[in-house]
Amino acid sequence: MKRNHLFFVLLFLLTACQQKLNLPAINENNRNLNTLTTLEVGDNKLFLQDYILNPTEIDSVTSNSKTLKITVSGDKMNATLAVETTMEQFVDIKIWAKGIPFSVPCRKTDKIDYTFTFNPKGKSYNRVQLAGQMNDWTASRTPDLLLNSKGLYEVKLNLSPGTYLYQMALDGNQNHDPNNLNKVDNGFGKFNSILQVPGNDEKFPILLTNETSAGKFSLITQNKVNEVFAYWQNYRLPDRFISIKNGKINVIIPSEARKTERSFIRVWASNEFGVSNDILVPLQYGKVIDRADEINRTDKEAQIMYFMLVDRFKNGDKTNDHPMNRPDVNHKVDFWGGDLAGLKQEIDKDYFSKIGANTLWISPLNQNPTEPYGYYAPMKTKFSGYHGYWPISSSKVDFRFGTNQEFKKLVTDAHDKNMNILLDYVAHHVHIEHPFYKQHPEYTTSLYLPDGTLNTEKWDEYRLTTWFDTFMPTLDLSNPKVVDMMTDSAMFWIKKFKLDGFRHDATKHITERFWRELTLKIKKQNHGNKLYQIGETYGSPELISSYLTTGMLDGQFDFNVYDIANTTFAGVGGSNLQQVQTILNSSLYRYGNHNLMGNISGNHDKPRFMALASGDLKFGEDSKAAGWQRNIGITDSTAYDKLFLMHTFNMTIPGIPVIFYGDEIGLTGANDPDCRRMMKFENLNSREQKLFNNVAKLAHLRLDNPVLVYGDFINLQTSKDCWVYARKYFDKEAIVFINNSSDSKEIEVTLPEILKSENLKSTFENRFIKRNQEISIKLPAYSADILL
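The written sequence of each chain sets the order in which its residues are numbered from 1. Where local features are concerned, this predicted model is filtered to residues with pLDDT of at least 70; where side-chain atom pairs are given and counted, the filter is 80 or more; whole-chain, interface and lining totals use all residues. Heavy atoms throughout the structure, all of them, feed into the side-chain values; hydrogens and water do not.

### Considering the nonpolar core
And then number 1: As used here, the term nonpolar core means buried Ala, Val, Leu, Ile, Met, Phe, Trp, Tyr and Cys residues forming a set that is joined through side-chain atoms within 4.5 Å. Each residue gets one of three labels from its accessible area relative to the maximum for its type: buried under 20%, exposed over 50%, partly exposed in between, using a 1.4 Å probe on protein chains only. In this structure, Ile-265, Tyr-306, Phe-352, Phe-407, Leu-499 and Phe-649 are the most contacted members of the largest nonpolar core, which totals 187 residues.
And then number 2: In this description, contact between two residues means that some pair of their heavy atoms is separated by no more than 4.5 Å. When sequence neighbours within four positions are dropped, the list of residues in contact with Phe-352 reads Tyr-306, Met-308, Phe-313, Leu-343, Glu-346, Ile-347, Ala-357, Leu-360 and Met-419.
And then number 3: Ranked by size, the runner-up nonpolar core spans 19 residues in total, among them Phe-737, Ile-777, Leu-779 and Leu-787.

In structure tokens form, the structure reads like this:
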């Protein structure tokens, strides 16, 4: 009786504190959070169907800006936003549909004019060019550097503050900048230099979660705040829901949130200098989530992804083994027997539950050719399609992997174990044996450029038309018929196998038209809900983020963070954690502090971390050739400790951790195909078992603590070898210590007053002392700890 009375008292208090928004609860236009959009000076196009499934329902598009001019097209499919330099830092765009205002949060670009210089040091050049992430590695997109009065070559760029990888092209010879000591290995025998463009982000507002109470929560502010923008789903909360006092922002949760199992409140603040970090507060029936058991597998931020190449994971059914066994196909690039049966066996044995992975990214399963293609002259070998990226069918599982029925059963079993399944989908190309190409060659781009040369591997200058090889026709995805057919093909896999989303191959080589059409079809089938889609794009943060909108993808793999973290934790190329911090900060600003980007431990197109960390693969050498020419082993076992640091980093920063199969035990190998060795499950040595146990501990720590999923990111102190940062989620806090040195370190840090946790415990049983706001911890060489 007393418990019932207490329940009704709490319910009354909750109801009393909440106010009504007087807008409909979640509907098909309000299920997905509208992405923060960066507006450039000049005309910007807003694709209205990204936000409103039926654009004919749109009444108008308005904003709170005094200078922004909005023009809606006659068919209501898009709106043109004319941005002036005087526009406010943050603008709320409202798309009115049937009288309901759905908001699109927008910020003004932070691009500045920056003069890049190159010192020739007495040498004379006919042509000096810049190629890098600032021009998507296409030197012709940036004017040539010209000699100035001081004897330096210079060019003016318009860039967002942040970090950019680049190379100098000196009379056609492209390599790293010899004047810049900051560089990273590009994996192909050369280096990329690192350019840091400074900004004034230290003056931007900073928001941090503070406290929760019945029907409301509060945030702490740092730096000046001029205006606050809070949203429940895609409804901007009116001023009556927000109050600012004594450096705190108080937000009332609208009563409508109590009708929905999962919804979110997001908050930004702005001043004359720029826009704050984002705050994301997940709600369960209107209550702020604070326990791990309130999070489920549909919560995208809580994913821990595991990627395997099916052929190289486990052979569970030898009756479907069909290696080519031909003298013109090297064993390294033949089929090795891995299949869906083997993968299902490990699902059934709870391997992924033990490691802490709740989302499986499975390599492409489409039927691939039975004959080999391509040619690698140094080894005189052709290649099989063991990897799955040469589809000759759009609906059939390759018989060497299993059957459609086996895949359907695998997905069902994974769902029963509360796991998501993402399929690697290839939309960019088909194989020349695909019936689609044979029947409709006109639906592909031309293999030849206008000058008669082959349009192959022109990754950047012809990124939407280039063929990856002469036997892989690029689909003409500027053709609406092709887009419709390929999106229908993707939907076939979603519908038939009940998938939870896609990993998309070669994202930047595919038109935005395709991504918008596919995402629209997914939303229409799922009552407005998007499924998780993550893409693969090597390029600038600007190019990568251009695909991250409400109407396209949720995330992409953050190769820019990976590249610097990989070499730094591996201990090569002048390792410096301060560089990692700088690039991570750039990513968090670009993609948000609660982004859905993939933080990878490695992948099938890169040399294994262990090969670099052990010194068996040399920094700067051609890592692909090395894998063919010699056996890459592990001669320095400290590489296992270094890989643990990489996993610690990925598991404790914002984004989605992605474990490349074998990285949980320290598989080694040079670049493709050597990085694609067979997975090992038995007879682990002590080092492999220890790494597995530690990775599992990290993953389960993240699964069990919402602070590592939804927490604010706070950098505390960084040096060349040591890094301390925190995650804060209201009253929950985690302090991460990293020692990337070959010596043991005594790390001391003074916590800011906003971090008040008591009763902290070491995850990895290192001794530490906490006195008031002072923490001292001693870490062995190449080790880390998380206090929470």
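### With respect to the sheet that holds strand 17 (residues 216-222)
And then number 1: One requirement defines pairing of two strands: DSSP has to find at least two bridges between them. Each helix is a run of DSSP H or I of at least 4 residues and each strand a run of E of at least 2, with the numbering of both proceeding from the N terminus. Pairing in this open sheet of four strands is antiparallel, and the strands run 16-17-21-20 from one edge to the other. Lying at the two open borders of the sheet, with one neighbouring strand each, are strand 16 (206-213) and strand 20 (242-245). The mean angle between the axes of side-by-side strands here comes to 25 degrees, regardless of whether they run parallel or antiparallel.
And then number 2: Inspection of the sheet shows strand 20 paired to strand 21 (residues 248-252) by four bridges, in the antiparallel sense. Each bridged residue has a counterpart across the sheet, and for Ser-243 the counterpart in strand 21 is Asn-250. Note on definitions: angles span 0 to 180 degrees between N-to-C directions of axes, and those axes are lines fitted to C-alpha atoms, for helices only across the stretch in contact.

### Topic: the packing of helix 2 (residues 340-348) against helix 4 (residues 404-416)
And then number 1: Two elements in contact, helix 2 and helix 4, have axes whose closest approach is 10 Å; the angle formed by their N-to-C orientations is 15 degrees. On the basis of their axis angle, the class for helix 2 and helix 4 is roughly parallel. Crossing geometry of helix 2 relative to helix 4 is assigned as left-handed. Side by side, helix 2 and helix 4 meet where Leu-340, Ala-341, Leu-343, Lys-344, Ile-347 and Asp-348 of the first sit next to Glu-406, Phe-407, Lys-409, Leu-410, Asp-413 and Ala-414 of the second. Roughly parallel means an angle under 35 degrees; roughly antiparallel means over 145; roughly perpendicular covers 65 to 115; every other angle is labelled oblique. Should the near helix be turned counterclockwise from the far one by less than a right angle, the crossing is left-handed, whereas a clockwise turn marks it as right-handed.

### Here's the deal with the sheet that holds strand 23 (residues 279-284)
And then number 1: One open sheet holds the five strands; their spatial order is 19-18-22-23-24, and the pairing between them is antiparallel. Two strands close off the open sheet at either side, each with one partner strand: strand 19 (235-236) and strand 24 (287-288).
And then number 2: In terms of strand pairing, strand 18 (residues 227-232) meets strand 22 (residues 262-270) through six bridges, oriented antiparallel. Each residue of the ladder has a partner; that of Val-228, found in strand 22, is Ala-269.

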